[in-house]
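# Analysis of the macromolecular model
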Amino acid sequence: MSSPRPAALLAAGALVLGGASACASKDSAGSASGPVSVSASESACKVSRTELPAGKHTFDVKNQGSKVTEFYVYAEGDRIVGEIENVGPGLSRKFIVELPAGKYEGACKPGMVGKGIRTGLTVTGDAAPHESTDQKLSDATASYKKVVEAHSQSLIEKTTQFTDAVKAKDIEKAKALFPVARYDWEFIEPVAGSFGKLDPSIDAPDADLEPGQQWTGFHKLEKDLWIAKDLSRSGPTADKLLVDVQKIVDESKAVTLNPLQLANGAKELLDEVATGKVTGEEDTFSHTDLWDFHANVEGSKASIAALRPVLEERDPALVKELDAGFAAVDAELAKHAQGDGFVTYDKLSKADVKALSTVINAVGEPVSKVAAVVAKDKK
Amino acid sequence: MTGTLNRRRLLQVGGAGFAVAAVGAGGAAVAHSVADEQGTDSALHGPVPFHGEHQAGITTPAQDRLHFAAFDVTTSSRDDLIALLKEWTAAAAQMTQGKEAGQTGATGGSTEAPPDDTGEALELPPSQLTITIGFGPSLFTTADGKDRFGIAAKRPAALADLPHFPADDLDPARSGGDIGIQACANDPQVAVHAIRNLARIAFGRAEIRWSQLGFGRTSSTSVAQSTPRNLLGFKDGTRNLKLEDTALLDSQLWAHSADGAGWMAGGSYLVARRIRMSIEIWDRTSLGEQETIFGRAKKTGAPLTGEKERDEPDFSIAGADGQPLIAEDSHVRLAHPDHNAGAHLLRRGYNFVDGSDGLGRLDAGLFFLAYQRDPRSQFVPVQRNLAKHDRLNEYIKHVSSALFACPPGVQPGQYWGHTLFG
């Protein structure tokens, strides 16, 4: 699954247009029925048909590039409706997805990072029954479960790479991997944070400890890397981190959040940004706060995306407000993108921080209203 | 606004004799006794009418507490701004009458939703809360002259940027602002509640740029009020414009359509200055020196040439040394209308103590608020005079500055700024 690393994500934004138009324009080559074939490479994502009748469709994804790839079908607001991961070079894999009428996007993700190379898909007709609100709510739960699974998988992979680098005493590599490993952690934090004592043992900052308490987790290693610049005694901390993260990952996969929890999770993630990240308190040694900031925002968006069909039905004006609010956050974050990630937080001016705070506060209000809309009794 | 909740129904039922209601936003005759002022009368707890010819909170007898907030408008959409002003007006109309903000108030909504009202004013009486709005120069045009909301042409000439005054030490982060909102009440929690709820409504459209808490009104805006003391221990603003000075209010306080900006008729211009006082130094100054600096007796507030507070100062009387009793560089002389081409101000300032400054001193002073018809011929010449000559300058420093055009009052169904945007 993807570890949507921020830089790749932001860079991909620019690629989307080119990629999408290149492959969206010609779909006549494919047959009118049967599987939709997808030909994925490093730079292209050719989808055989982009006009589809409503109903069940099989996507046949062939990886013709040299990197492992994956293919997603997104509904509006990047809600995942279907996906296939880990398609190795030269391999083909199939998946089936039920598509009601609407606008979708297919995305190939070479290297399993970023927003992917997107192609618009239009589904028409009414073969699929109109979903009831109950159905939409349970779909939201299922859809978000996929998100958690994907990010849990990525979290353990990236954390393993990070702790390997720490144990190999490769300071530069570990430093580079630190914000990357934290990305998935911060993305699914409301889920991960629900497991009581594991959260502090993975993520506690120095200042949060009680006397006598053993400091473990990401931030201990962060201090070893940036302040002590010495990994000679970091091995046990790295081992413990990996064990704790594995536990979280195992438990997270089993968790099913109900729609209300999703809505509150979206809000909690923004609260995290507004209280911890905007102040630059999260990563006091590495100043990689913008990675966490970005991950929280993306996690919040993912929860909202899962709920989108319900919100569209009940409060379309709120959806517009949310879209505009998140777009403003994206635009502000994009100003600080650098290389594969972001500039460090100590490079931001007061005005930069204020601008970030402004957009987070602005989107925080509409996000705080989502739970009540979701909870509202059916009319 | 049906369906809104009263913060304190009891008061509505049992509150006898809201003498202050007669004061109104229009500055009608006062039926407000000195006894009211002692805090025993329920008038101090009651509501001040929100609607009227003029905004409340200008000639309204000064309440004891202040929360002032300057906002930066973050949206670039004129429609969003107008929508915000409408929502603010509705919320202000409710809160000033002791009601909760929003449709469902603090506890009447869904348990899954954040409450409409933040709730800390529940059970508190209206406390004479007034909420007064003003528009800053930067709302009309950006620093480089761009018309932000299609109102640049309506910027009043009187809303000219204030000039730099000698010894100004202004912090830009605490100065200016697109919109200023003054919330005054006799309970600090009621004033803070008002600003907090307005700020919340504004998210995504406007955000607080700076804000200031104040206590202990430093001016009286009615003859029924005694003149309070500032943190220097003096009665200041004895000569303040008062709501009973009908003719002076008309010529010195309220903007007229003939002044050039028709939409401001019935409004007023507000100058806000945060004035830091070196109170520790002042406290080491002899009583005689303090009185000479002010030109008034500390105990009575009387001018040094008179006996009672409201005696007219006589600037011509000389003492034994042949020098004027009221010194040439005394505060009362320099600020007096006679020495400022007849310029009056309606001052409505508050004391502040914002903690301490890390150097063993209180961060204290006066948050100066003054309403007037045209700052160019009122505040500006007076302040120029003071900044150049006032002996008080050794003890005070102006650290922030803002200017707002406060539009006329609204009637039910109208919104703040409707004359500007309508």
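All of the points below concern the structure found in this document. Counting starts from 1 at the beginning of each chain's written sequence and moves along it residue by residue. Chains and ligands are labelled sequentially in the order written, the chains with letters from A and the ligands with numbers from 1. With pLDDT at 70 or above as the cut-off, local features in this predicted model cover only qualifying residues; side-chain atom pairs require 80 or more to be listed or tallied, and sums for whole chains, interfaces and linings still use all residues. Only hydrogens and water are removed before side-chain values are computed, so all heavy atoms of the structure are retained for them.

Bringing the overall build of chain A into the picture now. A count of helical and extended segments in chain A gives eleven helices and eleven strands. Each residue's exposure class comes from its accessible area (1.4 Å probe, protein chains only) as a fraction of the maximum for that residue type: buried when under 20%, exposed when over 50%, partly exposed otherwise. Counting the 379 residues in chain A, one finds 54% classified as buried. Contacts were defined at the residue level, with two residues in contact if any of their heavy atoms lie within 4.5 Å. Residue pairs in contact within chain A that sit at least 24 positions apart in sequence constitute 70% of those at least 6 positions apart. Shrake-Rupley sampling with a 1.4 Å probe provides the accessible areas, and residues are treated as covered by the protein chains on show and by no other component. If you sum the accessible surface of chain A, you get close to 15,900 Å²; carbon and sulfur atoms cover 54% of it. Helix and strand definitions here come from DSSP, where helices need a minimum of 4 consecutive H or I residues and strands a minimum of 2 consecutive E residues; each element is numbered from the N-terminal end.

With that settled, the discussion passes to the interface of chain A and chain B. The interface is formed by eleven residues belonging to chain A together with ten residues belonging to chain B. Buried area adds together the accessible area that both of two parts lose upon being put together, with accessible area traced by a 1.4 Å probe. With both sides pooled, the region where chain A packs onto chain B buries about 860 Å², and carbon together with sulfur makes up 57% of that total. A pair is scored as a salt bridge if a Lys or Arg side-chain nitrogen falls within 4 Å of a carboxyl oxygen belonging to Asp or Glu. The interface formed by chain A and chain B holds three salt bridges in total. Note that A:Glu365 and B:Arg200 form a salt bridge whose closest N and O atoms lie 3.5 Å from each other. Under the rule applied, a polar contact is a pair of N or O atoms within 3.5 Å (in protein, one hydrogen donor and one hydrogen acceptor; residues adjacent in sequence only if both atoms are side-chain atoms). Our enumeration of links across chain A and chain B arrives at three residue pairs in polar contact (both at pLDDT 80 or more). Of all elements in the fold, only α8 (259-277) and α11 (350-375) of chain A reach the threshold of two or more residues within the side of chain A that touches chain B.

A separate point is the packing of helix α2 (residues 133-167) of chain A against helix α6 (residues 218-228) of chain A. Residue and element names in this part refer to chain A. Note on method: axes are straight lines fitted to C-alpha atoms, helices fitted across the in-contact stretch only, with angles between N-to-C directions ranging 0 to 180 degrees. The interhelical angle for the contact between α2 and α6, taken along N-to-C directions, is 40°, at an axis separation of 12 Å. By the angle between their directions, the pair α2 and α6 is classed as oblique. Viewed along their axes, α2 and α6 form a crossing whose handedness is left-handed. Listed contacts from α6 to Thr 159, Phe 162 and Val 166 of α2 are Phe 218, Leu 221 and Leu 225. Each residue belonging to the contact of α2 with α6 can be placed in one class, and the counts come to five nonpolar, one polar and no charged. Angles below 35 degrees are treated as roughly parallel, those above 145 as roughly antiparallel, those between 65 and 115 as roughly perpendicular, and all remaining angles as oblique. When the near helix sits turned anticlockwise from the far one by under a right angle, the crossing is termed left-handed; a clockwise turn instead gives a right-handed crossing. We call Asp, Glu, Lys and Arg charged. Ala, Val, Leu, Ile, Met, Phe, Trp, Tyr, Cys and Pro are nonpolar, and the rest, Gly among them, are polar.

Residue and element names in this part refer to chain A. The element strand β5 (residues 69-75) is extensively covered by neighbouring structure, given that seven of its seven residues are classed as buried. Burial of the side chains of β5 extends over both faces: Thr 69, Phe 71, Val 73 and Ala 75 are buried on one face and Glu 70, Tyr 72 and Tyr 74 on the other. In this sheet, strand β6 (residues 79-87) lies alongside β5 in antiparallel orientation, the contact comprising six bridges. Opposite Ala 75, over in β6, you have Arg 79 as the bridge partner. Counted along the chain from β5 to the antiparallel partner β6, the turn is three residues long, and its residue Gly 77 has a positive phi close to 75°. The pairing of β5 with strand β8 (residues 102-108) spans five bridges and is classified as antiparallel. In this analysis, strands are considered paired if DSSP registers two or more bridges between them.

Take the pattern of salt bridges next. Taken as a whole and judged by the stated rule, the model has 45 salt bridges over all chains. The salt bridge involving B:Arg274 is made with B:Asp363; its shortest N-O contact spans 3.2 Å. Taken together, the positions of B:Arg274 in strand β5 (residues 268-277) and B:Asp363 in strand β8 (residues 362-372) put the pair 89 residues apart, joining distant regions of the chain. Since its relative accessible area comes to 12%, B:Asp363 is described here as buried. Taken together, the shared-partner salt bridges connect A:Arg182, A:Glu186, A:Asp203, A:Glu272, A:Lys277, A:Glu282, A:Asp283 and A:Asp292 into one network.

With that settled, consider helix α8 (residues 287-294) of chain B. Residue and element names in this part refer to chain B. Of all the residues in α8, the buried ones are Gln 290, Glu 291, Ile 293 and Phe 294. Buried residues of α8, seen end-on, are gathered within an arc of 160° and therefore sit on one face of the element. Positive backbone phi, at 85°, marks Gly 295, one or two positions downstream of α8. When we speak of the arc, we mean the arc of directions from the helix axis to the C-beta atoms.

Bear in mind that shape data such as this cannot, by itself, settle questions of function.
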